[in-house]
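Listed below, chain by chain, are the residues.
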Amino acid sequence: MTIEYLLVESLADVMDVPEAVIVKSSRLKSVVWNDFDRIKKGDTFVAVCRHCKKKLSGSSTSGTSHLRNHLIRCQRRSNHGMSQFISSREKKKEATLAITNYVDQGQKKDDVLNLVNIRFDPEQVKDETNNTLNYNFDQRRSRFDLARMIILHGYPLGMVEHVGFRVFVKNLHPLFELVSCNRVESDCLEIYVKEKQKVNELLDKLPGKISLSANMWTATDHLESSYLCLTAHYIDESWQLNKKVLNFMFVDPSHTEDLHSDAIMTCLMDWDIDRKLFSMTFDCSSNSDYISLRIRDRLSQNRFLYCNGQLFDVSCAIDLLNLMAQDALEALCDILPKIRDSIQCIKQSREVQAKFNEMAEQVKVQSQKGLSVDNPSQWNSTYAMLGAAIEYREAFSLLQESDVGYSACPTEEEWGRTCVITGFLKFFFEVTNILTKTNFPTSNIFFPELCDVHLQLMEWSKNSDDYVKALAFKMRTKFEEYWDKCGLALAVSAMLDPRFKMKLVEYYYPQIYGAVAVQRIDDVVNCVKALYNEHSICSPLASIDQGLAWQVGSSSSGKDARDRLMGFDKFLHESSQSEGSKSDLDKYLEEPLFPRNVDFNVLNWWKVHTPRYPILSMMARNVLGIPMSKVASDCAFKSGRRVVDREWSSLKPATIQALVCSQDWIRSELES
């Protein structure tokens, strides 16, 4: 008895029709017949599902749509059934990649909006043995999964039209209707709209203020094209430091700073966070200074800023360190080519390398560092190259004496200057690592490090070499411009670290300011008190801590009445303190310092102590969330702007913004 006869007999048994015969599948062109057997009983054709044995019309006049719809709903399509389905598909070679749409036409089209909110489940991704016994194919969900994958991993939108991708998807699941580049772009934009709404709701519910950082990007193929990336930084209700990319706007190079500041203000109002803004962090440039000043003036007119905006304008500390490092490298502009040529010379052949190694042993070089040419776009790479070359300086001198073909060795004076300037780079390198490698990049960690930079620059300015002294003066000028702008915010942040409070300011300021240190310390104290009082007046917790009979916002006389009595609130608060009650701030400063240890987390400390310092903790939430650096750790040593991916940079600006923002939001969901 043949296999074919057994199959026919089995099907005939199912049909209860002994005379039924199977129609050969080779005559059936639609892929749907991979899951159905077509049985002929007299002049009637019946389609029998291979999974659940359900009988449907198999007549050629009935088409195949009802069969496709059944496959989608079929509950018995098991792993075994799916493997058979795919196996049978692989046996058939088709000349076209067109796939019929198997989506249930009866489903509501509005359901697609709900699919945008589908969130990736990390557990499902990790579970490679995920049970698919009850798998039901959903075309629209799969389509949005594809769009999310492209956003998350930065894939080009055009990949959906690549032949290899289309073949892969077709063989993986023939029921999936392949999409065009335009279709997936529309899906990405729809995901962006939904995700933006979620971020909007999150920002609206934040317990504290928001600080912004602004980064300039360029396009890979169009260096004249610039993009402004605005990122919100905040400490959430769980006392976790977070950030969200809000906008990624195309910036016309011909536009003035006024237009740039107007564009930023438009973004703030679009997100409805102009009233919630605490500070903005830009790079260290005169253009940025003008933009931030203009935004600060507009916000101050509406009285949205604390302390009249004294802490609003912040420059990026890592950007400052990079600029000073570039100054140091520029001072070596005549020496660096010689060192690069020297390294390339010994690397040109094994013979020269062996000869150089012998000379290194002869002069007793103990270094374990390897010599390699730097990557000029990464100044830490240049620092590493210089550090290694200095340790082999005597070997380079010997090589020049014995090899007439090598003449690039620096002079003794040049080696001396290289040693001093490499020491500068070493210091900047160590500070940058401390500020970018921490798990908690809150603003309080920057004050002691930058105070040390200040003191070191003062010391370098005393160097006896006029060349080195001029370099130190150039770097010190940059630093003091930064310090005049950001020094107060740095000191207030340090005061909110319970390990230091005002003691760290009192330790560093006499070294930095000398005779006027007391006045400078008083400036910090006055700013802290003013900032605390403003938080106290605006805090719904003020009555809890101060025992006052009022609570801002409880008046039934409306907004205008509250505004008129704001001065009274302040008077009542100050008079209550003069009568003997202690504020959060007084209690905090009077209590002993918290012991210093490596694993200290300032946000956890404030989370635990919020009930004890309800008003001061609000102030801490806002101040510690200031991004003193806007540079990601992987870009800490790079010169120049960040670059938009090549595949994305050719898209429309609105699409680029949707992709960049959505990518940031989806990634933060997966990490949370």
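Here the structure is a predicted model, which is why all the values come from computation and not from measurement.

Peer 1: Would you mind going over the overall build of the protein with me for this structure?
Peer 2: Helix and strand counts for the protein come out as 28 helices and ten strands. Here the protein holds 672 residues, and 47% of them are scored as buried. Counted over contacts in the protein with a minimum sequence separation of 6, partners at least 24 positions apart contribute 71%. A total accessible area of about 34,100 Å² is found for the protein, and carbon and sulfur atoms account for 50% of it.

Peer 1: Explain unusual backbone geometry here, please?
Peer 2: Generally, phi is negative for residues other than glycine and the peptide bonds are trans, each holding for most cases. For aspartate 272, which is not a glycine, the phi torsion comes out positive at approximately 60°. Backbone geometry places lysine 364, a non-glycine residue, at a positive phi of 60°. Inspection of the secondary structure assignment puts lysine 364 in the loop between α13 (350–362) and α14 (379–391).

Peer 1: Sorry if this is basic, but what is going on with the packing of helix α18 (residues 466–495) against helix α20 (residues 517–538) here?
Peer 2: Two numbers describe a pair of packed helices, the interaxial angle and the distance between the axes. It is at 10 Å that the axes of α18 and α20 come closest, and there the two elements cross at 70°. As far as their axial angle goes, α20 and α18 are roughly perpendicular. Here Leu488, Ala491, Val492 and Met495 of α18 lie close against α20, whose contacting residues are Asp523, Val524, Cys527, Val528 and Leu531. Residue composition of the contact of α18 with α20, grouped by class: eight nonpolar, no polar and one charged.

Peer 1: Can you help me understand the nonpolar core in this one?
Peer 2: A general trend in soluble globular proteins is that nonpolar side chains are found buried together. Core analysis: the biggest nonpolar cluster contains 107 residues, and Phe396, Phe428, Phe447, Val453, Trp483, Tyr509 and Trp606 have the highest contact counts within it. The dominant element in this core, judged by the number of residues it contributes, is α18, at 14 residues. Here this core spans two domains, since at least three of its residues come from each of domain 2 (188–315 + 641–671) and domain 3 (322–515). Filtering out sequence-adjacent residues up to four positions away, phenylalanine 447 remains in contact with Trp483, Leu490, Ala491, Ala494, Leu504, Val505, Tyr508 and Tyr509. By size, the runner-up hydrophobic cluster in this structure holds 65 residues, among which are Phe144, Leu157, Met280 and Phe304.

Peer 1: I keep staring at helix α28 (residues 653–671) and nothing clicks. Help me out?
Peer 2: An α-helix turns once per 3.6 residues; consequently, residues spaced three or four apart project the same way. Taking 1.5 Å as the rise per residue, α28 with 19 residues should run 27 Å; its terminal C-alpha atoms sit 27 Å apart, in good agreement. Residues of α28 that are buried include every one of Thr655, Ile656, Gln657, Ala658, Leu659, Val660, Cys661, Ser662, Gln663, Trp665, Ile666 and Glu669, and no others. Those residues of α28 that are buried are in contact with α6 (139–153), α8 (181–204), β6 (226–235), β7 (241–251), β10 (642–644) and α27 (646–649).

Peer 1: Would you explain the pattern of salt bridges in this entry?
Peer 2: A side chain with one charge can pair with a side chain of the opposite charge if their charged atoms come near. Inspection of the entire model under this criterion finds 30 salt bridges. Two residues, arginine 50 and aspartate 37, come together in a salt bridge whose shortest N-O distance is 3.0 Å. One end of the pair, arginine 50, is in the loop between β3 (44–49) and β4 (55–57); the other, aspartate 37, is in strand β2 (residues 36–41), and 13 residues separate them in sequence. Take aspartate 37: its relative accessible area is 9%, and that puts it in the buried class.

Peer 1: Is there a simple way to explain the packing of aromatic side chains in this structure?
Peer 2: Remark: the centre distance and the inter-plane angle together describe each pair of aromatic rings, the angle taken between the planes. Counted under the stated rule, the structure contains 32 aromatic pairs. One aromatic cluster in this structure is built from Phe447, Phe479, Tyr482, Trp483, Tyr507, Tyr508, Tyr509 and Tyr513. Lying across the ring of tyrosine 588, lysine 501 places its NZ or CZ 4.5 Å from the centre.

Peer 1: Teacher, can you tell me more about helix α26 (residues 614–624) here?
Peer 2: Summarising burial for α26: ten of the eleven residues are buried, a large majority. By the burial criterion, the buried members of α26 are Pro614, Ile615, Leu616, Ser617, Met619, Ala620, Arg621, Asn622, Val623 and Leu624.

Peer 1: Would you mind going over the confidence of the model for the protein with me for this structure?
Peer 2: Any segment with low pLDDT has predicted coordinates that should not be analysed in fine detail. Per-residue confidence for the protein gives a mean pLDDT of 83, with 80% of residues at or over 70. Note that pLDDT drops below 50 for residues 125–133; the model gives that stretch seven contacts with residues more than four away or on any other chain. For residues 541–562, every residue scores under 50 in pLDDT, and the model assigns this stretch 36 contacts once sequence neighbours within four places are set aside.

Peer 1: Would you take a moment to explain the environment of phenylalanine 447 for this structure?
Peer 2: Relative to the assigned elements, phenylalanine 447 resides in helix α17 (residues 446–460). The class for phenylalanine 447 is buried, based on a relative accessible area of 0%. As for phenylalanine 447 and leucine 488, which are separated by 41 residues in sequence, their C-alpha atoms are 9.7 Å apart.

What counts, and at which threshold
The numbers attached to residues start from 1 for each chain and follow its sequence in the written order. This being a predicted model, a pLDDT of at least 70 is required before a residue's local features are given, and a value of 80 or more before pairs of side-chain atoms are given or counted; all residues contribute to the totals for chains, interfaces and linings. Heavy atoms throughout the structure, all of them, feed into the side-chain values; hydrogens and water do not. Only DSSP runs of H or I reaching four residues or more are called helices, and only runs of E reaching two or more are called strands; each is numbered from the N terminus. Buried residues are those whose accessible area, probed at 1.4 Å on protein chains only, stays under 20% of the maximum for their type, while exposed residues exceed 50% and partly exposed ones sit between those limits. Should any heavy atoms of two residues lie within 4.5 Å, those residues are considered in contact. The accessible surface values rely on the Shrake-Rupley method and a 1.4 Å probe; as for residues, cover is taken only from the protein chains in view. In this analysis, axes come from line fits to C-alpha atoms, helices being fitted only over the stretch in contact, and the angle between any two N-to-C directions falls in the range 0 to 180 degrees. What sets the label is the angle itself: under 35 degrees gives roughly parallel, over 145 gives roughly antiparallel, 65 to 115 gives roughly perpendicular, and the rest give oblique. Three classes are used: nonpolar for Ala, Val, Leu, Ile, Met, Phe, Trp, Tyr, Cys and Pro, charged for Asp, Glu, Lys and Arg, and polar for all others, with Gly counted as polar. Joining through side-chain atoms within 4.5 Å is the link that ties buried Ala, Val, Leu, Ile, Met, Phe, Trp, Tyr and Cys residues into a set, and such a set is a nonpolar core. Each domain's extent was defined by an automatic or database domain assignment. Helices are assigned an expected span. That span is 1.5 Å times one less than the residue count. The rule for a salt bridge is simple: a side-chain nitrogen of Lys or Arg has to be within 4 Å of a carboxyl oxygen of Asp or Glu. To pair, rings of Phe, Tyr and Trp, with the six-membered ring standing in for Trp, must have centres within 6.5 Å; the planes then decide the type, stacked if under 30 degrees apart, edge-to-face if over 60, and tilted in the middle. Only lysine NZ and arginine CZ atoms are considered, and such an atom sits over a ring when it is within 6 Å of the ring centre and within 35 degrees of the ring normal. As a per-residue measure, pLDDT reflects the predictor's confidence and takes values from 0 up to 100.

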